Amino acid sequence: MKTLIMISNLNQINLNVDGVIIGLKSLSVNMPAYFDIDDLKNIKKEIFVMINKNMHNSDLDYLKDILIKLNDYNIKGVIFYDLAVLNIGRSLNLNYDLVWGSEHATVNYNTINTYSKWCNYAYVSNDITLKDMIEIKKNTNIKLMVTLFGYLPIFVSKRHLVKNYLNTFNINDLSKINYMWDKENTYPLIDSDYTLVYTNFILNGLKEKLKLDYDYIVLNSFMIEDTLFSKVVDIFNNVNIKNQDELDDVLNSMFNNLGKGFFYKDTIYKVK
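By convention here, each chain's residues receive numbers from 1 onward along its written sequence. The predicted origin of the model limits local features to residues at a pLDDT of at least 70 and limits the giving and counting of side-chain atom pairs to 80 or more, whereas totals for whole chains, interfaces and linings rest on all residues. In computing side-chain values, all of the structure's heavy atoms are included and hydrogens and water are not.

Draft legend 1. Local environment of the sheet that holds strand β12 (residues 195-198). Each pair of strands is called paired provided DSSP finds at least two bridges between the two strands. Counting from the N terminus, the helices are DSSP H or I runs at least four residues long and the strands are E runs at least two residues long. The four strands are arranged β9-β12-β11-β10 in an open sheet whose pairing can be described as antiparallel. The sheet is open, and its two edges are formed by β9 (153-157) and β10 (178-182), each paired on a single side. Neighbouring strand axes in the sheet, compared pairwise and without regard to direction, differ in orientation by 25° on average. Alignment of strand β11 (residues 185-191) against β12, held across three bridges, turns out to be antiparallel. From the neighbouring strand, Leu189 faces β12, where its bridge partner is Val197. Each of β9, β10, β11 and β12 touches helix α5 (residues 161-168); the most contacted strand, β11, lies at about 90° to it. All axes are obtained by fitting lines to C-alpha atoms, using only the stretch in contact for helices, and the reported angles, taken between N-to-C directions, cover 0 to 180 degrees. Contact between two residues is taken to exist if any of their heavy atoms lie within 4.5 Å; hydrogens are not considered.

See the structure below:
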């Protein structure tokens, strides 16, 4: 099992991990930071590039150019959301793999096995239980990755919802991160090219790592201070059956809003 991190800055490439997931400007959403393609030259670890925005017709030529240009870089794969990436990628002679990562759709092995005709990897959604994640592993031969630490994206909109609100009420707020309150829960919001809403908790899958036989686990550095994130990486690197409780206690002492997400929450909805 290898460890990947979603990086907030290029200094984090020096952490003790196997690889990084990097967001590209104009082509990525829900990432801690967005970089230029030439920044890939300085990364000597495994690199997965996140290209996961909804594509418009006006994006397609640029998308094709980037997919071709990525052949000149030593990357492992491109994680995609929009099927335009798959369709264009299949028409090109790519030196790297495609990773199906539709966030809220990679939830069962039947669909993953269908995508395995064109992709060598799948990025499994956090919208399912740990039991479902284990079942997927047992029933597919494709390489799998999943996020086990960090804030999770729950909503994205092309509309500038925060900026529209501030403008409507003549509020002068230049914050990079805003917050939405719902009863006792607080959700981080970012309004840049998109409006992004994240979970009110940091996913903690430390113990779950020991139960998953996945190829890659992902740690997300979004809104995590560098020193703390470095400690998180060390904890995930060193966890084992004997020390899992001790290290889990350390994580809980570092953060006051850790959560398990849907690891142990079965859906109440059933397909007819």
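Draft legend 2. Structural detail: the pattern of salt bridges. Salt bridges are defined as contacts in which a side-chain nitrogen from Lys or Arg sits within 4 Å of a carboxyl oxygen from Asp or Glu. Per the stated rule, a full pass over the model turns up six salt bridges. With its nearest N and O atoms 3.4 Å apart, the salt bridge here joins Lys25 to Asp36. A residue pair is termed long-range when its members are at least 10 positions apart, and Lys25 in the loop between β2 (19-24) and β3 (34-35) and Asp36 in the loop between β3 and β4 (46-51) qualify at eleven residues. Here Lys137 and Asp215 are joined by a salt bridge, their closest N and O atoms 3.7 Å apart. Here Lys137, found in helix α4 (residues 130-138), pairs with Asp215, found in the loop between α6 (206-209) and β14 (216-220); they are 78 residues apart in sequence, far enough to count as distant. For Lys137, a relative accessible area of 24% corresponds to the partly exposed category. Note on classification: 1.4 Å probe, protein chains only; a residue is buried when its accessible area is under 20% of the maximum for its type, exposed when over 50%, partly exposed between these limits. What makes Asp215 partly exposed here is its relative accessible area of 25%.

Draft legend 3. View of the packing of aromatic side chains. Ring geometry is summarised as follows: Phe, Tyr and Trp rings, the Trp one being its six-membered ring, pair when their centres sit within 6.5 Å, and such pairs are stacked at plane angles under 30 degrees, edge-to-face over 60 and tilted between the two. Applying the stated criterion to the full structure yields ten aromatic pairs. Through pairs of rings, three or more aromatic residues link up here, namely Phe48, Tyr121 and Tyr216.

Draft legend 4. Structural detail: the nonpolar core. The criterion is simple. A nonpolar core is a set of buried Ala, Val, Leu, Ile, Met, Phe, Trp, Tyr and Cys residues joined through side-chain atoms within 4.5 Å. If you look at the biggest cluster of nonpolar residues, it comprises 77 residues, and the most contacted ones within it are Leu40, Val49, Ile51 and Leu70. It is helix α7 (residues 226-238) that contributes the most residues to this core, five residues altogether. Aside from chain neighbours lying at most four places away, what touches Leu40 is Ile22, Ile47, Val49, Leu70, Tyr73 and Ile75. Judged by nonpolar contacts, the second largest core, of 13 residues, contains Leu4, Met31, Ile79 and Met145.

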